[in-house]
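# Fold and geometry: a report
Given next are the chains, with one letter for each unit.
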Amino acid sequence: MNAIFIVLLVFFGLAAVFFVIMQSVQEQQRREQLARIAQRIGMDYSAEADPGLWDRVAVFGLFSKGGRRKVFNVLRRQIHGIDVTLFDYQYTTMQTRHHRTYNHTVALFETDRLKLPSFALHPQYFYHQIANTLGFRDMDFEGYPDFSDGYRLQGEDEASIRGTFDEEALHFFTRHPGLHIEGHGRRLILLQDRRRVNPKEIEPFMQQGLDVLDVFMEKEGALSGLELLGLDIEDAT
């Protein structure tokens, strides 16, 4: 066997081992950081998810993609009767002959004060315009061109979804572009698309989700002036 080939084979083998070791170290560091943050802000942390969590999120489109799905690094807390769960989510797709793994951090909010139609709201990109011309249309709102151009809103019950996205909601999402959310009944999720939230950003990420939740809970008249903004994080310290 050619000596150069043997050297290259050994080099790439060692590089692969080094990569696996570094990845393992990074995952351990992430677990430790999340556990410390959870303790500081009054949340429970678990490296693994219980089976019940998967049952609760399976209704969302995100969790029907790909295979080798995994929910882990779970943080939980109840805030004023609202169950708040943050977790990492990973799945793998097969593209031609190659596998590709996607990672997200997801914030799940559950409360009987929500009665949402099933919908998905994601940023709208150029290729979505092509899909629109092929008949895969989303919901646009007359008088709100920035929202209609910036977001792709989809779901089966269009009348209910349009009722949920009233003037206040449309203004909120126009002011906050780039969010990825899904709603279903008493559950709402916010996710970081194709990346995991840095542990140092967990608190603002949770707050961002609470701000979104506040918009939809107001639709039910449930909070009646309760200000979620800031209160949860401060109360947890």
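For the structure, check the block above.
Cut-offs used in this document
Residues numbered from 1 in each chain as written. Predicted model: local features only at pLDDT ≥ 70, side-chain atom pairs only at ≥ 80, totals over all residues. Heavy atoms only, no water. Core = buried A, V, L, I, M, F, W, Y, C linked by side-chain atoms within 4.5 Å. Buried < 20%, exposed > 50% of the residue type's maximum accessible area, 1.4 Å probe, protein only. Helix = DSSP H or I, 4+ residues; strand = E, 2+ residues; numbered from the N terminus. Contact = heavy atoms within 4.5 Å. Lys, Arg positive; Asp, Glu negative; His and termini not counted. Salt bridge = Lys/Arg side-chain N within 4 Å of Asp/Glu carboxyl O. Polar contact = N/O pair within 3.5 Å; in protein donor to acceptor, adjacent residues only side chain to side chain. Pairing = 2+ DSSP bridges. Axes fitted to C-alpha atoms, helices over the stretch in contact; angles between N-to-C directions. Arc of directions from axis to C-beta.

On to the nonpolar core. One recurring pattern in soluble globular proteins is that nonpolar side chains are buried together. Counting residues in each nonpolar core, the largest one holds 42 residues, and the members touching the most others are Phe119, Phe147, Phe165, Phe173 and Phe216. A total of nine residues in this core trace back to one element, the largest contributor, which is helix 7 (residues 202-219). Sequence-distant contacts of Phe147, that is, excluding residues within four places in its chain, are made with Leu121, Phe141, Leu153, Phe165, Leu170, Phe173 and Thr174. Formed by 15 residues, the second largest nonpolar core is a distinct cluster that contains Val57, Tyr102, Val106 and Ile189.

So, on to the side chain of Glu182. With respect to the helices and strands, Glu182 occurs in strand 7 (residues 181-185). Despite its burial, Glu182 remains without a salt bridge, the nearest opposite charge being carried by Lys65 at 6.3 Å. A distance of 2.9 Å separates a polar side-chain atom of Glu182 from the backbone nitrogen of Gly61. If we skip the residues at most four places from it in the chain, Glu182 touches Phe60, Gly61, Leu62, Phe119, Ala120, His122, Arg187, Leu188 and Ile189.

What follows deals with the pattern of salt bridges. Taken as a whole and assessed by the stated rule, the structure comprises ten salt bridges. With a closest N to O distance of 2.4 Å, Arg40 and Glu203 form a salt bridge. One end of the pair, Arg40, is in helix 1 (residues 3-40); the other, Glu203, is in helix 7, and 163 residues separate them in sequence. Its relative accessible area of 43% is what places Arg40 among the partly exposed residues. Residues Arg187 and Glu110 are paired through a salt bridge, measuring 2.7 Å at the closest nitrogen-oxygen approach. Of this pair, Arg187 sits in strand 8 (residues 187-192) while Glu110 sits in strand 4 (residues 98-110), placing them 77 residues apart in sequence. For the pair Arg187 and Glu110, one class covers both residues: buried. In this structure, a network of salt bridges that share partners links the residues Glu27, Arg30, Asp88 and Arg196.

In this section: the sheet that holds strand 6 (residues 151-154). Ordered by their spatial adjacency, eight strands build an open sheet running 1-2-3-4-8-7-5-6, and the pairing between neighbours is antiparallel. One side of each edge strand has no neighbouring strand; the edge strands of this open sheet are strand 1 (44-48) and strand 6. Pairwise comparison of adjacent strand axes, ignoring direction, gives a mean angle of 20° for this sheet.

Every α-helix winds through 3.6 residues per turn, so residues three or four apart in the chain are directed the same way. Taken residue by residue, helix 6 (residues 167-175) has Ala169, Leu170, Phe172 and Phe173 as its buried positions. Take helix 6 and look down its axis: the buried residues cluster within an arc of 160°, on one side only. Where helix 6 begins, one side-chain oxygen reaches toward the backbone nitrogen of Glu168, 3.2 Å away; that side chain belongs to Asp166.

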